[in-house]
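# Fold and contact review
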Amino acid sequence: MGALTPVEGAGGILEFPDALTDTQALLDLAREPDGWQPTANASVTDKHANMRTLEMTLPALAPYRALVEGRLLDAANTRWGLALREHLPQAHLVRYEPGQMYPPHFDHLGTPERFFTVIGYLNDDYQGGATVFPDLDLRIEPRAGKVAVFPSHYCHYPADVTSGTKYVAVTFLLGRRPGPRVFRLPTPRP
Ligand SMILES: O=C(O)CCC(=O)C(=O)O
Ligand SMILES: [Fe+2]
C-alpha cells in the first residue's frame, strides 16, 4: 500500500503521499472514452467535468478499496476521535480536461452522511488541477498515487486544468449522527 503515514495540513486535512501505487488498472478504465457523464450541477454550465461511477467490488478498484478499509477509515477515526466503519460502496472517477470546471462545493450530503471525502490522484501528467480549500488557504497539489482525506463539509474545488487530462477516484467515509435527545419532563405533583 505504499507510505501510509499522513502529512497533516490546515484544518486537519490528511495527505498520504504514495498511498496508491497500483493504479494502472484504474487508469486504463479512466482512459476509456465511454461511460462518462457530466458531474453534478452540470446544468450550471455545459463545460462541466465528467464522471463515471464504479462499484467498489470492481477488480480495478481493489487496491483503492483495501486502502480505504485497511487504513483511511482508521486514520480519520484516530485524527477526529470517531468510530466510522462505512464507505460509499462506489468510487467516482472524475475526468477534467482544459476548459472544463467544477464549481466550489461541499460533499457532506446523503444518508448515511458523508463525513470525509477521499480523493485518489491517479495521474499527474497535466498542468493545474490542485484541490483548493478557499476558507483554509490550503491547496492539495496532485501527485500520482497521493490520497487526500478531508471533512466533507469543507468548501473545496478543483483548480482548472490548463493542459493534459486529470483523473481522480473519489469516495466517501460515511457516518451517522445521533438524533436529537428527547428529555422527559418530570410529571408535576398533584
Ligand atoms: O478533483 C478534485 O480535486 C476535487 C473533486 C471533488 O471535489 C469531488 O469529486 O467531489
Ligand atoms: Fe468534492
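Quick caveat: nothing in here was measured; it's all calculated off a predicted structure.

Cut-offs and rules
- Residues numbered from 1 in each chain as written.
- Chains lettered and ligands numbered in written order.
- Predicted model: local features only at pLDDT ≥ 70, side-chain atom pairs only at ≥ 80, totals over all residues.
- Heavy atoms only, no water.
- UniProt positions renumbered as here; feature names shortened; annotations may be inferred.
- Helix = DSSP H or I, 4+ residues; strand = E, 2+ residues; numbered from the N terminus.
- Buried < 20%, exposed > 50% of the residue type's maximum accessible area, 1.4 Å probe, protein only.
- Donors = N, O, S within 2.8 Å, 3.2 Å for Na, K, Ca; no water.
- Tetrahedral: all angles 85-135°; square planar, octahedral: opposite > 155°, others 65-115°.

All right, on to the UniProt feature "domain: Fe2OG dioxygenase" (unreviewed entry) in the protein chain then. In the numbering used here, UniProt assigns the feature "domain: Fe2OG dioxygenase" (unreviewed entry) to residues 87–176. Annotation note: span residues 87–176, helix share 0%, strand share 50%, distance between end C-alpha atoms 12 Å.

Another aspect to go through is the environment of aspartate 137. Tracing the sequence through the fold places aspartate 137 in the loop between strand S9 (131–133) and strand S10 (138–140). Residue aspartate 137 is classed as exposed on the basis of its relative accessible area, which comes to 76%. When the C-alpha atoms of aspartate 137 and phenylalanine 115 are compared, they prove to be 21 Å apart, with 22 residues separating the residues in sequence.

Look at the link from threonine 111 to proline 112: it is a cis peptide, with omega at -10 degrees. With respect to the helices, strands and loops of the structure, proline 112 is situated in the loop between strand S6 (90–96) and strand S7 (113–121). Positioned with a positive phi, aspartate 137 is a non-glycine residue whose angle comes to about 55 degrees.

Further remarks concern the coordination of the iron ion (ligand 2). Protein coordination of the iron ion (ligand 2) is provided by His105 (NE2), Asp107 (OD), Asp107 (OD) and His156 (NE2), with donor distances spanning 2.1 to 2.6 Å. Taken together, the six donor atoms surrounding the iron ion (ligand 2) define angles of 51 to 165 degrees at the centre, an arrangement classified as irregular. Here the donor residues for the iron ion (ligand 2) map to a single chain with the spacing H-x1-D-x48-H. As far as the burial class goes, histidine 105 and aspartate 107 line up, both buried.

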